[in-house]
Amino acid sequence: MLSQIKRRTFIKGLLASLGTALWPTLGRAAAQPYQRLVVLGDPHLPVRVYHHPERAEQELIKAAKNALIDDINGWDDVAAVIVVGDLVEQRAVDAEYAYISKYFARLSKPLWVINGNHEFRYEDKPNEKGKPIVAGPEVWQRKLTRFQAFWQLPSRWYTKEVAGYHLVFLSTEGPENTQLGPEQLAWFQDDLAAHRAQTTLVFFHGPLMNTLLNYNKSVNTVRATAQPEKALAQILADNPQVRLWVSGHTHTPATNYSYAADGINRFSDTLVDIHNADLDRKHIWTNSLYLFDDHIAVRTYDHFTHDWLPEFDRQYVR
């Protein structure tokens, strides 16, 4: 691991010294040769009080999240913003949805969303320590229905067409944190089969198994990865047009070595998982996906330092 960290430090310095020489000048939206999608990992709005009990820290985190909207509104080449689940703080209650409504009302870009586990899995009231309580299927269905209605979605799983790319948005629905039910799984299989000629990107709350290092006891477990694992692996093997699986859930920060390490993030020869850090922190990072005619570029922006991180620049053939 030490040699890997030294290599990463060397590459970071090299790319920083090259500056923007390896990246073309990006024009305004009218002339740009790409479509840019900004991905937001788990926002947990307004802030997870259970994890950040100090009021001063909560205010700093909320300020960082507000500044994030200002940053995105200042980018004139953004086609859409995509949130990969866990928009709510913890339990998907009225106060959380009210804050979400005001927060995203400030965003001047199109917004596409999917739900995470916190949108449906928990009772309205926490336990005596403030921790969420796992609910039963009736609560899950009620909260999933509310999510769909709140965002005015024709279905919790849906597709978009962008610049000839096929984008698939999936919904976790239990019983595991990040699991597709039988109906959705069949729909996913049929949809991919009908779009084999199109390069496809999939957006889902949970990452694919073994696309991160085992840096804690929760990573690469059933509760932390896209399920059902074997069924999804077979569907993806049958559909090599899927180039990116874009996920959140693990809260993996950009400081983690496996956040953007292709050899670790790669699920197969043709598919890589793009992990996105959560927003529930003072130091926020976001990924932008640039969809070109012949390739996809992925870049990471540091909203704390207001810098691009060239050591995380990645390109994938369309």
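Below is a summary of the structure that appears in this document. (Residues numbered from 1 in each chain as written. Predicted model: local features only at pLDDT ≥ 70, side-chain atom pairs only at ≥ 80, totals over all residues. Heavy atoms only, no water.)

Attention now moves to the pairing of strand E2 (residues 78–84). The buried fraction of E2 is high, at 6 of 7 residues. Bridge count for strand E1 (residues 35–40) against E2 is 5 bridges, and the pairing is parallel. Note on E2: the bridge partner recorded for valine 39 is isoleucine 82. Taken together, E1, helix H2 (residues 55–73) and E2 constitute a β-α-β crossover, and its handedness is right-handed. As paired elements, E2 and strand E3 (residues 111–114) share 4 bridges and run parallel to each other. The partner of valine 84 across the bridge, within E3, is isoleucine 114. (Buried < 20%, exposed > 50% of the residue type's maximum accessible area, 1.4 Å probe, protein only. Helix = DSSP H or I, 4+ residues; strand = E, 2+ residues; numbered from the N terminus. Pairing = 2+ DSSP bridges. Right-handed = clockwise from strand over helix to strand, strands pointing away.)

Taking strand neighbours across the sheet as the criterion, the 5 strands line up as E4-E5-E6-E7-E8 in an open arrangement whose pairing is mixed. Edge strands, defined here as strands with exactly one partner in the open sheet, are strand E4 (158–162) and strand E8 (272–275). Here the strands of the sheet are splayed against their neighbours by 20° on average, with no regard to which way each runs. Note that strand E6 (residues 200–203) and strand E7 (residues 242–247) share 4 bridges and pair parallel. Pairing of phenylalanine 203 across the sheet is with valine 246, part of E7. Along the sheet, helix H5 (residues 182–193) makes contact with E4, strand E5 (165–169), E6 and E7, crossing E5 at roughly 180°. (Axes fitted to C-alpha atoms, helices over the stretch in contact; angles between N-to-C directions. Contact = heavy atoms within 4.5 Å.)

Next up on the list: helix H4 (residues 137–150). The terminal C-alpha atoms of H4, which comprises 14 residues, lie 20 Å apart, in line with the 20 Å expected from a rise of 1.5 Å per residue. Every buried residue of H4 is accounted for by Val139, Trp140, Lys143, Leu144 and Phe147. Down the axis of H4, the smallest arc covering the buried residues is 130°, so these residues share one side. Turned more than 90 degrees from where H4 packs its buried face, Glu138 and Ala149 sit exposed. Looking at the buried positions of H4, the neighbouring elements they touch are helix H3 (94–105) and E3. Just downstream of H4, glutamine 152 is the residue with a positive phi angle, here 55°. (Expected span 1.5 Å × (residues − 1). Arc of directions from axis to C-beta.)

Attention now goes to the nonpolar core. If you look at the biggest cluster of nonpolar residues, it comprises 49 residues, and the most contacted ones within it are Leu37, Leu40, Phe104, Trp112, Phe203, Leu244 and Leu289. The leading source of residues in this core is E2, at 6 residues. Once residues within four sequence positions are removed from consideration, leucine 289 is found in contact with Gln35, Arg36, Leu37, Val39, Leu201, Phe203, Leu244, Val246, Ala297 and Val298. (Core = buried A, V, L, I, M, F, W, Y, C linked by side-chain atoms within 4.5 Å.)

Within the structure shown, the criterion is met by 13 salt bridges. For lysine 143, the salt bridge goes to aspartate 124, with nearest N and O atoms at 2.8 Å. Of this pair, lysine 143 sits in helix H4 while aspartate 124 sits in the loop between E3 and H4, placing them 19 residues apart in sequence. Note that aspartate 313 is salt-bridged to arginine 299, the shortest N-O span being 3.3 Å. With aspartate 313 in the loop between strand E11 (307–308) and strand E12 (314–317) and arginine 299 in strand E10 (residues 295–302), the pair connects residues that are 14 residues apart, well separated along the chain. Judged by its relative accessible area of 30%, aspartate 313 is partly exposed. Arginine 299 gets classed as buried once you look at its relative accessible area, which sits at 7%. (Salt bridge = Lys/Arg side-chain N within 4 Å of Asp/Glu carboxyl O.)

Bringing the side chain of threonine 199 into the picture now. Structurally, threonine 199 is set in the loop between H5 and E6. Residue threonine 199 is classed as buried on the basis of its relative accessible area of 8%. Beyond its immediate sequence surroundings of up to four residues, threonine 199 is in contact with Tyr165, His166, Gln241, Arg243, Ile296 and Arg318.

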